[in-house]
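Examination of the molecular architecture
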Amino acid sequence: MSDRHISQHFETLAIHAGNTADPLTGAVVPPIYQVSTYKQDGVGGLRGGYEYSRSANPTRTALEENLAALEGGRRGLAFASGLAAEDCLLRTLLSPGDHVVIPNDAYGGTFRLFAKVVARWGVEWSVADTSDPAAVRAAITPKTKAVWVETPSNPLLGITDIAAVAQIARDAGARLVVDNTFATPYLQQPLSLGADVVVHSLTKYMGGHSDVVGGALIVADEGLGEELAFHQNAMGAVAGPFDSWLVLRGTKTLSVRMDRHSENATKVADMLSRHARVTKVLYPGLPEHPGHEVAAKQMKAFGGMVSFQVAGGEEAAVEVCNRAKVFTLGESLGGVESLIEHPGRMTHASAAGSALEVPADLVRLSVGIENVEDLLEDLQQALG
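Residues numbered from 1 in each chain as written. Predicted model: local features only at pLDDT ≥ 70, side-chain atom pairs only at ≥ 80, totals over all residues. Heavy atoms only, no water.

**Things to note about the packing of aromatic side chains**
On inspection of all chains with the given rule, the structure shows 6 aromatic pairs. On the basis of an interplanar angle of 35° and a centroid distance of 5.7 Å, the ring pair of Tyr-38 and Tyr-50 is categorised as tilted. With Tyr-38 in the loop between helix H1 (10–16) and helix H2 (58–71) and Tyr-50 in the loop between H1 and H2, the pair connects residues that are 12 residues apart, well separated along the chain. Judged by its relative accessible area of 16%, Tyr-38 falls in the buried class. (Phe/Tyr/Trp six-rings, centres within 6.5 Å; stacked < 30°, edge-to-face > 60°. Helix = DSSP H or I, 4+ residues; strand = E, 2+ residues; numbered from the N terminus. Buried < 20%, exposed > 50% of the residue type's maximum accessible area, 1.4 Å probe, protein only.)

Below, the structure written as structure tokens:
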């Protein structure tokens, strides 16, 4: 099912990579192979390499080939969730006594995985401001095996210079891991900038419709891909066939959705930056954002996530969330519908009291693809 020969234009890859017509019927959409086991032609006589769907499933294979093509990688692996993908990666790369540099702004679930799970089996970690390459370099120790980056970061929309940090990690003999969930491969391709591994929560923009949970790892090195595939099979947290099919459907429209998300978010950020009740807007598309120049260099556009701080503190921020009508109050992000949340009490509650604690007056928006005038009007009334 390899499609490496086809067009390298992203929009074409998104529709065709991994999406080979069904050989039996000619169906242009890969079937949902809702099956656990496969008939063998004699002992060990596998058809297409399939024996058991934890090890491989044709629908998941189609998705994994699609993901690898979109990120420009050699191997893609699909998991039951983003955290399942992260767990597999960490247990593949690390051993007790190893060290990881993590960002000072990251998804709360990632921080919880490091602080409450991975640390219990002897992996050390330290926090650095990854927007500052010098801070990353200073945080690396002789035991460092990985540097973990989110760019744009969640929820403060920080920007890391991927190429610069990739060189620092390489010089230290460490691997650079980039969570590309906010940007997606349509806007940013970390492997081409020197990253070793790309992580995705497929639940978000890749699926794009708030109807599936999934995760992915994409790597540039075949050897590392084989190691990860071994652990994926051994640990078992794989993406199911229907979930794989839903994400594969989502990636086909990723480019047109991300164009609209980015266009709407730019207008939302501009309006918020001029609102009297907003004290700060965090969006890399704004010229005053400290990471704007780096983002413009490594991203095609600036994405659909916007965060802002509200005058009046935590209670005022919570009230804005509660007053929104078109924006749905809820966790997650990246769907076609707009979402609003209070990170301190919701997605990032696990980071309270740590170096990753978020401001109490912070509101995070996942700007959807609705008519932008409706979104602007809703935010204006929510702010009062």
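**With respect to the sheet that holds strand E1 (residues 75–79)**
Within the open sheet, the 7 strands sit side by side as E1-E7-E6-E5-E4-E2-E3. Their pairing is mixed. If you trace the sheet from one side to the other, it starts and ends with E1 and strand E3 (124–128), each paired once. The average angle at which neighbouring strand axes cross in this sheet is 20°, direction not considered. Relative to strand E5 (residues 175–179), strand E4 (residues 144–150) is paired through 5 bridges, and the arrangement is parallel. Bridge assignment links Trp-148 to a residue of E5, and that residue is Val-177. Against the sheet, helix H6 (residues 162–171) touches E4 and E5, its axis set at about 150° to E5. Across the sheet, helix H8 (residues 222–235) touches E1, E5, strand E6 (197–201) and strand E7 (215–219), and the angle it forms with E1 is around 20°. (Pairing = 2+ DSSP bridges. Axes fitted to C-alpha atoms, helices over the stretch in contact; angles between N-to-C directions. Contact = heavy atoms within 4.5 Å.)

**Side note on the sheet that holds strand E12 (residues 362–366)**
Judged by pairing direction, the sheet is mixed, and its 5 strands sit side by side in the order E8-E9-E12-E11-E10 without closing on themselves. The strands lining the two open edges of the sheet, one partner per strand, are strand E8 (278–282) and strand E10 (328–329). The sheet contact formed by strand E9 (residues 305–310) and E12 spans 5 bridges and is antiparallel. What sits directly across from Val-306, in E12, is Leu-365. Along the sheet face, helix H12 (residues 313–323) touches E9, E10, strand E11 (339–341) and E12 and points at about 135° away from the line of E9.

**Looking at the environment of Lys-297**
Summarising the element assignment, Lys-297 is placed in helix H11 (residues 292–298). A relative accessible area of 57% means that Lys-297 is categorised as exposed. Along the backbone, Lys-297 and Lys-267 are 30 residues apart, and their C-alpha atoms lie at a distance of 21 Å. Here the side chain of Lys-297 touches Asp-161 through a polar contact of 3.1 Å, side chain to side chain. (Polar contact = N/O pair within 3.5 Å; in protein donor to acceptor, adjacent residues only side chain to side chain.)

**Observations regarding the pairing of E12**
With 5 of 5 residues buried, E12 is to be regarded as a mostly interior element. Neither face of E12 is open: one carries Leu-362, Arg-364 and Ser-366, the other Val-363 and Leu-365, and all of them are buried. Bridge count for E11 against E12 is 3 bridges, and the pairing is antiparallel. Bridging from a neighbouring strand, Glu-341 pairs with Arg-364 of E12.

**A closer look at the environment of Gly-207**
The residue Gly-207 is located in the loop between E6 and E7 in this model. The spatial distance from the C-alpha of Gly-207 to the C-alpha of Arg-60 is 14 Å, given a sequence separation of 147 residues. Gly-207 has contacts with Leu-202, Val-212, Val-247, Arg-249, Gly-250 and Arg-257, leaving out every residue within four places of it along the chain.

These figures come from the coordinates and say nothing about function on their own.
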